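Structural description and commentary
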Amino acid sequence: MFCRTGSERSARRGFHTSNADRDSQDFYNVLGVKKDASQSEIKKAYYQLAKKYHPDANKAADAKDKFVKIQEAYDTLSDENKRSSYDQFGTADPTGGGMGGEGAGFSGFGNMEDILSQMFGGGFSGMGGSARGGGGGGGGFMNVGEDVEAAVTISFMEAIKGTKSSVTITPVVKCQPCSGRGTKKGAHRDKCKTCRGTGRAMFQMGGFHVQQPCPECGGEGSTINPKDKCSSCGGNGRVREHKSIPVDIPAGCDNGMRVKLKGLGDAPIEGSGPSGDLYVRVRVTPSNVFRRKGIDLYYDMNLPFTTAILGGTVRVPTVDGDVEVNIRSGTQPGDELRLRSKGVKKINSSTRGDQYLSLNVKLPKSLTPTQRSLIEQFEADVQGKPRPSDEDKQSPTSAKENDASESPDSSEKSDSDKPSGGGFFSRIKKDFEHFKGSNDK
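Quick look at the structure, then. (Residues numbered from 1 in each chain as written. Predicted model: local features only at pLDDT ≥ 70, side-chain atom pairs only at ≥ 80, totals over all residues. Heavy atoms only, no water.)

**Concerning the overall build of the chain**
- Scanning the chain from terminus to terminus reveals 13 helices and 18 strands.
- Put simply, the chain has 441 residues, and 37% of those count as buried.
- Pairs at least 24 apart in sequence give 66% of the contacts found in the chain among residues at least 6 apart.
- When the accessible area of the chain is evaluated, it comes to approximately 25,300 Å², of which 48% is carbon and sulfur surface. (Helix = DSSP H or I, 4+ residues; strand = E, 2+ residues; numbered from the N terminus. Buried < 20%, exposed > 50% of the residue type's maximum accessible area, 1.4 Å probe, protein only. Contact = heavy atoms within 4.5 Å. Areas by Shrake-Rupley, 256 points an atom, 1.4 Å probe, with all protein chains shown as cover.)

Next up, the structure:
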């Protein structure tokens, strides 16, 4: 017995598509499934479409092209690594290489025999040909158990750093008392009279002869006398068992990603073969501090306006702890700073994303008289107006005398009336620093 996988059939054929063709379509739409579809849903959709559009069965002009897209979509979405890359980068190969490299990648279309064999779990032959396969001890294709899905919820920081968790499942397993035979100790199974021990029954579909598991013995090739059935499994040879499965969540895991645990799914209900896989979907609770986009993090920071004007040093939270960041003078509202390699680790890579700081300049809602006076002085200097304190000191009489003493054709101010650039800014900087200190208190 053997089990032929899609990738093995792909390696036997040399047809490949280009990157442009591959990226121009949505694989989920091609198969008609949702983006969170399970592997069993993807497999079921593929089988239905492959049967409908395979060139051996569908002679429409566009059947071949449609089948190529269907096969390509399934090759990508049925492989968890390729699917993860496709969901994140829009392609199964984030490096830009084709999917059809040596020993891997996209296959063209197989023959109808391969598809029907996977669909019905047995041999297939065209009209007039000999049937291939058979169940029980007669060779053919190996039964594979169903995949099992579970979910686990972790915190934002656990997703960033990685963690260990566990899930409880009830997979189908072989009955231990009878070792999966379905009989009592010392009892024997009888050869099936319907299939004569082959485990397979032949039926016709269109112009093809297809084998499927015998409906009488379920593909086993043998039956059990009711009095000889195992009391634990009722003769089925399979039972459900509660299991707690440890799960390693890799650092950098994002919400909605799935972890694959090979061989921990259901055992095949009939016949012998490998168990299916366990897929654990990870749910990540959002952070109250950071926003995540891919492997980059974003943090909204409220910055005092005095720090934005004068510059300074502030402490910023990161996933690795607080760090000090220098703020340059003259920082504007909406400016963004980047902290390199302070983001999320990329799965299966040493690469880390960045953390971006979105600076929101925070203005005070109320001012003390001293603070208001300092702001008014700053405004007057910026607009080139006399400072409010100087206007208060100047009386109306002295103002008239000054106006009378001015020469009619003189339009220049004396040096003493010009703003003292360096002296004033030195004073205003000290005033703002004093204001900043009082505001912090």
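**A few points about the sheet that holds strand β2 (residues 148-154)**
- One open sheet accounts for 3 strands, arranged β2-β12-β11; its pairing is mixed. Edge strands, defined here as strands with exactly one partner in the open sheet, are β2 and β11 (258-261). Taking each pair of neighbouring strands and ignoring which way they run, the sheet shows an average axis angle of 25°.
- Inspection of the sheet shows β2 paired to strand β12 (residues 278-284) by 7 bridges, in the parallel sense. Bridge pairing in β12 links Ala151 to Arg281. (Pairing = 2+ DSSP bridges. Axes fitted to C-alpha atoms, helices over the stretch in contact; angles between N-to-C directions.)

**Focus on the sheet that holds strand β17 (residues 336-339)**
- Here 4 strands make up an open sheet; going across it, the order is β13-β14-β18-β17 and the pairing mixed. Strands at the two margins of the open sheet, each flanked by one partner only, are β13 (291-293) and β17. Here the strands of the sheet are splayed against their neighbours by 30° on average, with no regard to which way each runs.
- Inspection of the sheet shows β13 paired to strand β14 (residues 296-304) by 3 bridges, in the antiparallel sense.

**As for the packing of aromatic side chains**
- For the coordinates displayed, the defined rule picks out 7 aromatic pairs.
- Seen from their ring centres, Phe27 and Tyr86 are 4.8 Å apart, and the 15° between their planes marks the pair as stacked. Note that Phe27 is positioned in helix α3 (residues 27-31) and Tyr86 in helix α6 (residues 80-89), a separation of 59 residues in sequence. We note that Phe27, like Tyr86, is buried.
- Centre to centre, the rings of Tyr46 and Tyr74 are 3.9 Å apart; their planes meet at 5°, and the pair counts as stacked. With Tyr46 in helix α4 (residues 39-53) and Tyr74 in helix α5 (residues 63-77), this residue pair connects regions lying 28 residues apart in the sequence. Across this residue pair, the class does not change: Tyr46 and Tyr74 are buried.
- The cationic tip of Arg258 hangs over the ring face of Tyr279; the distance from NZ or CZ to the ring centre is 4.7 Å.
- The ring of Tyr298 has Lys293 lying over it, and the distance from NZ or CZ to the ring centre is 5.1 Å. (Phe/Tyr/Trp six-rings, centres within 6.5 Å; stacked < 30°, edge-to-face > 60°. Lys NZ or Arg CZ within 6 Å of the ring centre and 35° of its normal.)

**Looking at helix α10 (residues 369-383)**
- Under the 1.5 Å per step criterion, the end-to-end length of α10 is 21 Å for 15 residues, consistent within 8% with the ideal 21 Å.
- Gly384 occupies a position one or two residues after α10 and carries a positive phi of about 75°. (Expected span 1.5 Å × (residues − 1).)

**Side note on the pattern of salt bridges**
- What the rule picks out here adds up to 16 salt bridges.
- Of the charged contacts, one joins Lys164 and Asp248 as a salt bridge, the two residues approaching to 2.9 Å between their closest N and O atoms. Residue Lys164 is located in strand β3 (residues 163-169), and its partner Asp248 is located in strand β10 (residues 243-249); the two are separated by 84 residues in the primary sequence.
- Note that Arg315 and Glu324 form a salt bridge whose closest N and O atoms lie 3.6 Å from each other. For the pair Arg315 and Glu324, one class covers both residues: exposed.
- Linked by salt bridges that have partners in common, Glu80, Glu149 and Arg258 make up one network. (Salt bridge = Lys/Arg side-chain N within 4 Å of Asp/Glu carboxyl O.)

**Looking at the nonpolar core**
- Residues Leu31, Val33, Ile42, Tyr46, Ile70 and Leu77 are the most contacted members of the largest nonpolar core, which totals 18 residues.
- Those elements giving two or more residues to this core turn out to be α3, α4 and α5.
- Ranked by residue count, the leading element in this core is α4, at 7 residues.
- Not counting the four nearest positions on each side in its chain, Leu31 is found in contact with Ile42, Ala45, Tyr46, Leu49, Ile70, Ala73, Tyr74 and Leu77. (Core = buried A, V, L, I, M, F, W, Y, C linked by side-chain atoms within 4.5 Å.)

**Examining the side chain of Thr318**
- Summarising the element assignment, Thr318 is placed in the loop between β15 (312-316) and β16 (323-327).
- Accessibility expressed as a relative area gives 8% for Thr318, which makes it buried.
- In terms of polar contacts, Thr318 uses its side chain to reach the backbone carbonyl oxygen of Gly321, at 2.5 Å.
- Among residues more than four places away in sequence, those in contact with Thr318 are Phe290, Val323, Leu339 and Gln355. (Polar contact = N/O pair within 3.5 Å; in protein donor to acceptor, adjacent residues only side chain to side chain.)

**A look at the packing of α4 against α5**
- With their axes 10 Å apart at the nearest point, α4 and α5 run at an angle of 165° to one another. As judged from the angle between their axes, α4 and α5 are roughly antiparallel. Our pair here, α4 against α5, has a crossing hand that is left-handed. Facing α4, whose interface residues are Gln39, Ile42, Lys43, Tyr46, Leu49, Ala50 and Tyr53, α5 presents Ala63, Lys66, Phe67, Ile70, Gln71, Tyr74 and Leu77.
- Considering only residue class, the contact of α4 with α5 consists of 10 nonpolar, 2 polar and 2 charged. (Parallel < 35°, antiparallel > 145°, perpendicular 65-115°, else oblique. Left-handed = near helix turned anticlockwise from the far one by under 90°. Nonpolar A, V, L, I, M, F, W, Y, C, P; charged D, E, K, R; others polar.)

**What about α5?**
- Helix length check: α5 (15 residues) gives 21 Å between terminal C-alpha atoms against 21 Å at 1.5 Å per residue, within 8%.
- Residues of α5 that are buried include every one of Ala63, Phe67, Val68, Ile70, Gln71, Glu72, Ala73, Tyr74, Asp75, Thr76 and Leu77, and no others.

**Regarding the pairing of β16**
- Where β15 lies against β16, 5 bridges are found, and the strand directions are antiparallel. Its bridge partner lying in β16, Val314 is registered against Val325.
- Between β15 and the antiparallel strand that follows it, β16, lie 6 residues; Gly321 among them carries a positive phi value of about 115°.

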